[in-house]
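# Structural description and commentary
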Amino acid sequence: MEFALLHPDPDDANWLRPVPPSVALAQRLNPIEHEITERRRHANDLADAFEPFMALSAQGTSTTHSITVLEGGDRINTALNLAAAQCQTQMLTIQPSGNRPERSLSQGLDRDRLLIERGVTIRTLYQHTARFSPEKLAYAAQLSNGKAEYRTIDELVERLIICDEAVAFIPARDDQQIALELRHPGLIRYLIKVFEYLWDRAVPLSIGAPYETASDGITEIQHSIAKLLVEGHVDEAIARRLGMNVRTCRAHIAKLATALGSGSRAQLGYLIAQSGILDQER
């Protein structure tokens, strides 16, 4: 009854009749999709309304070299929506793994669809753990039509969004409630080079198997963990940097210890160094 999969029989109130799941799902999705469409229309109206003021601001100040602090999710999203609406050729994004709210994913999907419809190409970098996220895979599947490309890499530092070569957004706090809007050409060119460096080393989401076991019995993700262990990082820090939960990270550490024949954490660090696995190309 909660999901409207049953409804009262019009001929006999003592009975309930089943509703096809596709019909029930459509009935629940329709108001959500309508709300998203209305909010997108409202965002576009706001962008149009503010356009003359933005032009005046550009005349009075050097906005091409500005760094603007954006506080609060609403202001950050408004700035992102405006930048997306003005994007003409390419959007580059780095999206470290994390639990994004369903509403946030829906808004991002809606925004990306509009970009693709205008001919804008999108390239997105995830961590390898995104390959095991049904939400991320479903998101990418809906946009992988030649205009959107997705790759994964073992380790990412922070979120990054670049629209054309005009504006970039980076977080200024871990809780994502403060961001910096960057319009300095030098900074943007530098961030694009960082993105391209990572992109060239990443694996397309549609192919490749970065978790396969190599001939030495060590998977690529375990190789990344070994590198961070030798650098002195604790389990929590390793999990955060590789985009996985701590339990999964410790499971990989246990498998790594088994592969190298380690009986303790201290011995594991020694065996990693002695094995030479960190000197091998991956």
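Everything in this summary refers to the structure shown in the same document. Everything numeric in this text was worked out from a predicted model, so none of it was measured.

## As for the pairing of strand E5 (residues 121-127)
The element E5 is largely enclosed, with a buried count of six among its seven residues. Examined bridge by bridge, strand E4 (residues 90-94) and E5 share five bridges and lie parallel to one another. For Leu92, the partnering residue across the bridge sits in E5 and is Arg123. Bridge count for E5 against strand E6 (residues 148-153) is six bridges, and the pairing is parallel. Directly across from Thr124, in E6, lies its bridge partner Tyr150.

## Let's talk about helix H9 (residues 265-275)
Residues of H9 that are buried include every one of Leu268, Leu271 and Ile272, and no others. Looking straight down H9, one finds that the buried residues subtend no more than 105 degrees of arc, so they occupy a single side. Exposed side chains of H9 directed beyond 90 degrees from the buried face belong to Ala266, Tyr270, Ala273 and Gln274. On its buried face, H9 sits against helix H6 (220-230) and helix H8 (246-260). The N-cap of H9, judged by a side-chain oxygen 3.1 Å from the amide nitrogen of Gln267 a few residues on, is Ser264. Positioned one or two residues after H9, Gly276 has a phi angle of 80 degrees, which is positive.

## Some words on the nonpolar core
Residues Met91, Leu115, Tyr150, Cys163 and Phe169 are the most contacted members of the largest nonpolar core, which totals 25 residues. Mapped by element, the contributors of at least two residues to this core are helix H2 (73-86), helix H3 (102-117), E5, helix H4 (134-143), E6, strand E7 (160-163) and strand E8 (167-171). The biggest single contributor to this core is H2, with five residues. Residues within four places of Met91 in sequence aside, it is in contact with Ala84, Asp112, Leu115, Val120, Thr121, Ile122, Arg123, Ile161, Ile162 and Cys163. In terms of nonpolar packing, the next biggest core, distinct from the first, is built from 17 residues, Ala239, Cys249, Ala257 and Ile272 among them.

About the cut-offs
Residues numbered from 1 in each chain as written. Predicted model: local features only at pLDDT ≥ 70, side-chain atom pairs only at ≥ 80, totals over all residues. Heavy atoms only, no water. Buried < 20%, exposed > 50% of the residue type's maximum accessible area, 1.4 Å probe, protein only. Helix = DSSP H or I, 4+ residues; strand = E, 2+ residues; numbered from the N terminus. Pairing = 2+ DSSP bridges. Arc of directions from axis to C-beta. Contact = heavy atoms within 4.5 Å. Polar contact = N/O pair within 3.5 Å; in protein donor to acceptor, adjacent residues only side chain to side chain. Core = buried A, V, L, I, M, F, W, Y, C linked by side-chain atoms within 4.5 Å.

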